[in-house]
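Descriptive structure summary
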Amino acid sequence: MAVLVALGAFLMTLAGGWTAQRVTDRRHLVLGLAGGLMLGVVGLDLLPEALNAAGTEVFGVPAALLLFVGGFLLAHLVERLLAHRRAAHGGGENDGRAPEVGLTAAAAMVGHSAMDGVAIGAAFQVGGGMALAVALAVIAHDFADGFNTYTITSLYGNARRKALFMLYADAAAPMIGAASTLFFTIPERVLGGYLGLFGGVLLYLAAAEILPEAHHDHPARSTLLCTVAGVAFIWLVVGLAG
C-alpha cells in the first residue's frame, strides 16, 4: 500500500515538472512561484519537522537549527567554489552560474523525495490515520518538488535532457524510499538533522538565486503574487495534512 501511495507522488512530481516546462514564456512567474514553494516548504514543513525530530541542543541551540545554518553556508560555499573554478577556466556563460550547482541541488531534491517515500512507509507501519496524513502531505507537495527540480536544473544552464533526467529521478525516488522501509528504518534524530540541513540548502537557493532571478528582468507585481501563492499553497498542504 505504501508503494502504491508513492506512485501517486510519482505522478504528482511529473505533473509539477511538466507545468514548469510548459510555462517557459512566463519564466519570471515560474521562478517567482518556485521561490514561494521553496520558502513555504522550508519554513512551514521542513524546519518544524526537523525541530521536533532532532530534539537535542548543542551549546544552547537546537541541533536542527545549527544544521539548517550549516546547510545554508554549505550551499553558498559550494556555489562560490564551483563558480570560481568555472571562471578560472573561462566559463562565463549562464551569468556566472555553474551548471554543477543546479545538478547538485536537484540531486538533493531527489534525496529529499526518497526521504518522503521513507516517511510514507514509516507512517503505514504506525497506523492508518498517520499514513493518510503523511500521504496527503507528500503527494501534494511533490508537485512542488517536481516543479522546483526542473526549474533549478534549468536555471543553472543545464540542457533540457538533464533537467528531465533529474525530474524522472525525483519522481521515482518516493517509490524507492517507500519500498526501502521493508528492510530498515532511519533513527528519528538522524532524520531531523537531515531535514534541517536540507532546509538550509533550499532557503539559500530560494533567497539567493531563484527569487532575485525572478525579479531581475520582470519586477512585476504578478511575480510577487506568484511567490505569495507558492507559500500559501504549502501552508494549505501543511494545514490539510495536520
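Residues numbered from 1 in each chain as written. Predicted model: local features only at pLDDT ≥ 70, side-chain atom pairs only at ≥ 80, totals over all residues. Heavy atoms only, no water.

1. A few points about the packing of helix H2 (residues 27-54) against helix H7 (residues 188-216)
Taken N-terminus to C-terminus, the directions of H2 and H7 make an angle of 160°; their axes are 8 Å apart at the nearest point. With respect to H7, the axis of H2 lies roughly antiparallel. Between H2 and H7 lies a crossing whose hand is left-handed. Along the lines of polarity and charge, the residues of the contact of H2 with H7 split into 19 nonpolar, nine polar and five charged. (Axes fitted to C-alpha atoms, helices over the stretch in contact; angles between N-to-C directions. Helix = DSSP H or I, 4+ residues; strand = E, 2+ residues; numbered from the N terminus. Parallel < 35°, antiparallel > 145°, perpendicular 65-115°, else oblique. Left-handed = near helix turned anticlockwise from the far one by under 90°. Nonpolar A, V, L, I, M, F, W, Y, C, P; charged D, E, K, R; others polar.)

2. Concerning the confidence of the model for the protein chain
Looking at the protein chain, the pLDDT average stands at 80 and 81% of residues meet or exceed 70. Mean pLDDT across the secondary structure elements of the protein chain bottoms out at helix H5 (residues 128-155), with 72, and peaks at strand E2 (residues 61-62), with 92. (pLDDT = per-residue confidence, 0-100.)

3. Remarks on the environment of Met-12
By the element assignment, Met-12 lies in helix H1 (residues 2-22). For Met-12, a relative accessible area of 28% translates into the label partly exposed. Separated by 134 residues in the primary sequence, Met-12 and Gly-146 place their C-alpha atoms 7.5 Å from one another. (Buried < 20%, exposed > 50% of the residue type's maximum accessible area, 1.4 Å probe, protein only.)

4. Side note on the nonpolar core
With 38 residues, the main nonpolar core has Met-38, Ile-152, Leu-202, Leu-205 and Ile-210 as its most contacted residues. Those elements that provide at least two residues to this core are H2, helix H3 (63-88), helix H4 (99-126), H5, helix H6 (160-180) and H7. Considering each element in turn, this core owes the most residues, eleven residues, to H2. Leaving out residues up to four positions away in the same chain, Leu-205 has contacts with Met-38, Ala-105, Ile-152, Tyr-156 and Ile-210. (Core = buried A, V, L, I, M, F, W, Y, C linked by side-chain atoms within 4.5 Å. Contact = heavy atoms within 4.5 Å.)

5. A short note on the packing of aromatic side chains
Tallying each qualifying case throughout the model produces two aromatic pairs. Between Tyr-194 and Phe-198, the aromatic rings sit 6.0 Å apart at their centres with planes inclined by 10°, giving stacked as the arrangement. In this pair, Tyr-194 and Phe-198 are both assigned in helix H7, four residues apart and thus about one turn of the helix distant. Judged by relative accessible area, Tyr-194 falls into the partly exposed class, the value being 24%. The exposure class assigned to Phe-198 is buried, which follows from its relative accessible area of 5%. (Phe/Tyr/Trp six-rings, centres within 6.5 Å; stacked < 30°, edge-to-face > 60°.)

6. Points about the side chain of Asn-158
Within the fold, Asn-158 resides in the loop between H5 and H6. Looking at Asn-158, its side chain comes within polar contact range of the main-chain oxygen of Pro-99, at 3.1 Å. Apart from residues no more than four positions distant in its own chain, Asn-158 is found in contact with Pro-99, Gly-102, Leu-103 and Thr-153. (Polar contact = N/O pair within 3.5 Å; in protein donor to acceptor, adjacent residues only side chain to side chain.)

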